[in-house]
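One letter stands for each residue in the lines below.
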Amino acid sequence: MSKKTTSALPKQKGSFGTYMKRYWQLYALLALPLIYLFVFKYVPMVYVLIAFKKYNITKGVFDMEWAKENGMQYFIQAFKDKDFIRALRNTISLNFLDLLFGFPAPIIFALILNEIPFKHYKKFVQTVAYMPHFLSWVIIYGIAVQLFTPSTGLLNMVLNNMGIDSIHFLDNPNLWVVTYVGLGVWQSFGWGSIIYLAAIAGINSELYEAASIDGAGRFKKMWHITLPGIKPTIVVLLIMNLGNIIGSGFERPYAMRNNLVTKVSDVISIYVYQKGIKGGQFSLTTAVGLFQSVVGLIFLLAANFISRRLGERGIW
Amino acid sequence: MKVKSVSTKLSDWLFVFVCILTIILCLTPMINLLARSLSSTEYLIKHEVYLLPKGWSVSSYKTVLSDVKYIRAFFWTVFLTVVCTVVSLVMTTLCAYPLIFSKLKGRNIINIYITITMFFNAGTIPNYLLMKELNFLDSPLVLIIPSCLSVYNMIIMRSFFYGIPESLQEAAEIDGADYFTTLLKIYVPLSKPVMASLALFYAVGRWNGYYDALMYMKKEVYYPLQLLLYNILNNVNTVEVATQEGFSKPGLAESLKAAIVMFSTVPILCIYPWLQKYFISGVTMGAVKE
């Protein structure tokens, strides 16, 4: 981290005053961002206390009455709530499927792209593959409707022409999950490959030459040189993804859900929105949010710990 | 390796073929959308529009363009995106620049203070209550200020600053430049690539985001485009958009929805290919931290 050293300049020995006289500008520049972080990131951490208290709109956070069961009332209530259990299950299963299909996709794409010998063609493929990343989830859902609606969607029109009945991709719960995961892969495989392509570019080319001399074919080189070469990157990204296994973005599931699939689509963030922002159950939903943050942090730390134990680089 | 073996050539073509499939997978939905938005209703009702428009008609674009609410939301979002991007870039620079100096006392503590916010999020409700306390609810500021600094982007900028030769900074110092001057005259002009890449990240985030508006904004006047679009596509009755009159007519609804989606996507799709080399370096820098 400390790349900028002071070696070129003589060390200043002086009081706090002379130090500040010289460096006050740096602190002045930092002031605004640090205040921002304090207000928008640290102050909400105080509000987390509401999870352990009875929310009362007329009182400040510290004056509110403690909740029953030593303050754990709302955590207990959450775990007795069928809707929450369902949201938790949906969150974990959708994230797990994302990990299973969405995680390897950019790696495979990067490996394939790396083998393309035509430079301009490769660049064109990349540009096209990055495109879905720039679409919002609302728009992606709008596109999905145009593709998958029974009888009017493009895919179903093609199927109907072939004499096959329409498939209900968006309103059959099981197929909705497939669509959700599929569109997730579609949106992120190209963008995700950027990191892996950079990692591949960093692999020492002598390794490939040596392997060629030893008679290794293309696929052998991919398996024995490229893949091990990008393993550190894969591990770091895997750790980050595991830390997010219980996290739930809001925009993607909320944009893609509809009334027919709520039993598979409603994840924790949607539960919090409906019970908290709309339903006003602030204590309950703060407790749920806290549970989510803490479990996420534990997963991240555990994944990092295991990875370092296995001799890989962690994220710090 | 001048002469390629037959199997290498064969696998070359295999990979090229896989990439063609990828291109088809990415582009077909967009082409279909474009075709629908430009087709006339009679063909859409008969389900005859695939990848080429049939019965050429721009009437749905005309309807969208004459929809005051939609157009207002469009320009409001353009304005918001520009303001957010500028404010965010300034905040990110202010945060990243001082942190590259090891002479900065308390730098480690500040770094820890910043990093903690990346790993622990208080959650939806605490954030909501904060906005309420700050009187930010229903104010346009809520769409700008709360998201004006991403620590992740700050780290990208900081690692870019680390890459700028220290000797430049020392030379400026010997010439009597203070830290403000060094930032403005040396670091900012040399940081165009990272600025372009982060500007794109912030702009795309603002253009595509609707979470904060849904949570904190009840005034329709300030709805960003994506939230309006969400309401239109899901037929939420609270929005009365002129365009929605057309939704009762079969066929026209489809072409209108397609036109609206196209219209909301085109600005970003026109920009990103030109910034490709910048965002690639941005993403890569984010991954290689130290």
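Residues numbered from 1 in each chain as written. Chains lettered and ligands numbered in written order. Predicted model: local features only at pLDDT ≥ 70, side-chain atom pairs only at ≥ 80, totals over all residues.

J.: Give a description of the overall build of chain A that names residues and reports values.
T.: Assigned secondary structure in chain A consists of 15 helices and zero strands. For 316 residues, the compact-globule estimate of 2.2 N^0.38 gives 20 Å, and the C-alpha radius of gyration of chain A, at 26 Å, exceeds that figure by more than 25%. For chain A, the spread of C-alpha atoms along the principal axes amounts to about 70 × 70 × 35 Å. With 316 residues in all, chain A has 38% of them scored as buried. Considering only contacts in chain A between residues 6 or more positions apart, those separated by 24 or more positions represent 65%. (Helix = DSSP H or I, 4+ residues; strand = E, 2+ residues; numbered from the N terminus. Rg over C-alpha atoms; globule rule 2.2 N^0.38 Å. Buried ≥ 20, exposed ≤ 12 C-beta atoms within 10 Å, placed from the backbone. Contact = placed C-beta atoms within 7 Å.)

J.: So what's going on with the overall build of chain B? Residues and values would help.
T.: Looking only at helices and strands, chain B features 14 helices and zero strands. Going from N to C terminus, chain B has its helices and strands arranged as α-α-α-α-α-α-α-α-α-α-α-α-α-α. The C-alpha radius of gyration computed for chain B amounts to 24 Å, which surpasses the reference 19 Å derived for 290 residues by more than 25%, pointing to a less compact arrangement than a globule. When the backbone C-alpha atoms are referred to their principal axes, chain B occupies close to 75 × 70 × 35 Å. Within chain B, buried positions represent 39% of all 290 residues. Considering only intrachain contacts with a sequence separation of at least 6, the fraction spanning at least 24 residues in chain B is 70%.

J.: Describe the domain arrangement of chain B, and please don't skip the residues or the numbers.
T.: Interface extent is often summarised as the accessible area lost during association of the parts. Residue and element names in this part refer to chain B. Once the domains are mapped, chain B shows domain 1 (28-57) and domain 2 (59-287). A C-alpha centroid distance of 33 Å is found between domain 1 and domain 2. Taken together, the nine residues of domain 1 in the interface contact twelve residues of domain 2. A total of four residues in the side of domain 1 that touches domain 2 trace back to one element, the largest contributor, which is helix H1 (residues 6-37). Residue classes in the side of domain 1 that touches domain 2 are distributed as four nonpolar, four polar and one charged. (Domains from an automatic or database assignment. Nonpolar A, V, L, I, M, F, W, Y, C, P; charged D, E, K, R; others polar.)

J.: Lay out the environment of B:Asp12 with the relevant residues and their values.
T.: Residue and element names in this part refer to chain B. Looking at the secondary structure, you find Asp 12 in helix H1. Residue Asp 12 is classed as partly exposed on the basis of its 16 C-beta neighbours within 10 Å. Along the backbone, Asp 12 and Ala 122 are 110 residues apart, and their C-alpha atoms lie at a distance of 50 Å.

J.: Explain the packing of helix H4 (residues 104-114) of chain A against helix H8 (residues 173-201) of chain A residue by residue, including any values.
T.: All names here are of chain A. For the pair H4 and H8, the least separation of the axes is 7 Å and the interaxial angle reads 55°. For the element pair H4 / H8, the angle class is oblique. The two elements H4 and H8 meet at a crossing, and its hand is right-handed. Between H4 and H8, the contacting residues are Ala 105, Pro 106, Ile 107, Phe 109, Ala 110, Leu 113 and Asn 114 on the first element and Val 185, Phe 189, Gly 190, Gly 192, Ser 193, Tyr 196, Leu 197 and Ile 200 on the second. Partitioned by chemical class, the residues of the contact of H4 with H8 number eleven nonpolar, four polar and no charged. (Axes fitted to C-alpha atoms, helices over the stretch in contact; angles between N-to-C directions. Parallel < 35°, antiparallel > 145°, perpendicular 65-115°, else oblique. Left-handed = near helix turned anticlockwise from the far one by under 90°.)

J.: So what about the nonpolar core? Which residues, and what values?
T.: All names here are of chain A. Ranked by size, the top nonpolar core spans 132 residues in total, and within it Ala 144 and Val 288 carry the most contacts. Not counting the four nearest positions on each side in its chain, Val 288 is found in contact with Ala 78, Phe 84, Ile 268, Tyr 271 and Val 272. Counting residues in each nonpolar core, the second largest holds five residues, with Val 236, Ile 239, Leu 242 and Leu 300 among its members. (Core = buried A, V, L, I, M, F, W, Y, C linked by C-beta atoms within 7 Å.)

J.: I'd love a proper account of helix H9 (residues 179-190) of chain B, names of residues and values included.
T.: Taking 1.5 Å of rise per residue, twelve residues should cover 16 Å, and H9(B) covers 15 Å from first to last C-alpha, within 8% of that figure. Of all the positions in H9(B), only B:Tyr179, B:Thr182, B:Leu183 and B:Tyr187 are classed as buried. For H9(B), the arc enclosing every buried residue in end-on projection is 100°, short of the 170-degree limit, so these residues lie on one face. Residues of H9(B) that are exposed and point more than 90 degrees away from the buried face comprise B:Leu184 and B:Pro189. Residues of H9(B) that are buried sit in contact with helix H1 (16-47) of chain A together with helix H7 (151-162) and helix H8 (166-174) of chain B. (Expected span 1.5 Å × (residues − 1). Arc of directions from axis to C-beta.)

J.: Before we move on, could you go through the packing of helix H14 (residues 268-278) of chain A against helix H15 (residues 282-309) of chain A and cite the residues and values that matter?
T.: All names here are of chain A. Contact geometry of H14 with H15 gives a least axis separation of 9 Å together with a crossing angle of 165°. Between H14 and H15, the angle falls in the class roughly antiparallel. Of the two possible hands of crossing, H14 and H15 adopt the one that is left-handed. Where H14 abuts H15, its residues Ile 268, Tyr 271, Val 272, Lys 275 and Gly 276 lie against Phe 282, Leu 284, Thr 285, Val 288, Gly 289 and Gln 292. Here the residues of the contact of H14 with H15 are counted per class, giving six nonpolar, four polar and one charged.

J.: Now, about H15(A): what can you tell me, with residues and values included?
T.: Helix length check: H15(A) (28 residues) gives 40 Å between terminal C-alpha atoms against 40 Å at 1.5 Å per residue, within 8%. A:Gly311, located one to two residues past H15(A), shows a positive phi value of around 85°.

J.: Kindly report on the interface of chain A and chain B, identifying the contributing residues and their values.
T.: Taken residue by residue, the interface counts 73 residues in chain A and 80 residues in chain B. Those elements giving two or more residues to the side of chain A that touches chain B turn out to be H1, helix H5 (119-130), helix H6 (137-148), helix H7 (154-161), H8, helix H12 (251-256), H14 and H15 of chain A. Counting residues per element, the side of chain A that touches chain B draws most heavily on H1(A), which supplies 16 residues. Taken together, the residues that form the side of chain A that touches chain B break down as 47 nonpolar, 20 polar and six charged.

J.: Could you give an account of the environment of A:Thr179, naming the residues involved and the relevant values?
T.: Residue and element names in this part refer to chain A. Tracing the sequence through the fold places Thr 179 in helix H8. Thr 179 sits in the buried class, given 21 other C-beta atoms within 10 Å. A sequence separation of 109 residues divides Thr 179 from Asn 70, and the C-alpha atoms of the two residues are 44 Å apart. Residues in contact with Thr 179, not counting those within four places in the same chain, are Ala 144, Phe 148, Phe 169 and Leu 170.

J.: Before we move on, can you summarise the confidence of the model for chain B with the specific residues and values?
T.: Residue and element names in this part refer to chain B. In the predicted model, chain B carries a mean pLDDT of 87, and 92% of its residues have values of at least 70. Model confidence for chain B, summarised as mean pLDDT per element, is weakest for helix H2 (residues 41-45) at 79 and strongest for helix H4 (residues 68-96) at 95. For this predicted complex, the interface score ipTM comes out at 0.90, while the overall pTM is 0.90. (pLDDT = per-residue confidence, 0-100.)

J.: I'd like a description of unusual backbone geometry, backed by residues and values.
T.: If you check the backbone angles, A:Asn70 has positive phi at about 55° while not being a glycine. Looking at where A:Asn70 falls in the secondary structure, it is placed in the loop between H1 and helix H2 (73-80). Among the residues examined, A:Asn70 registers 8 C-beta atoms within 10 Å and is labelled exposed. Even without being a glycine, B:Asp138 presents a positive backbone phi close to 65°. Along the chain, B:Asp138 turns up in the loop between helix H6 (124-133) and H7.

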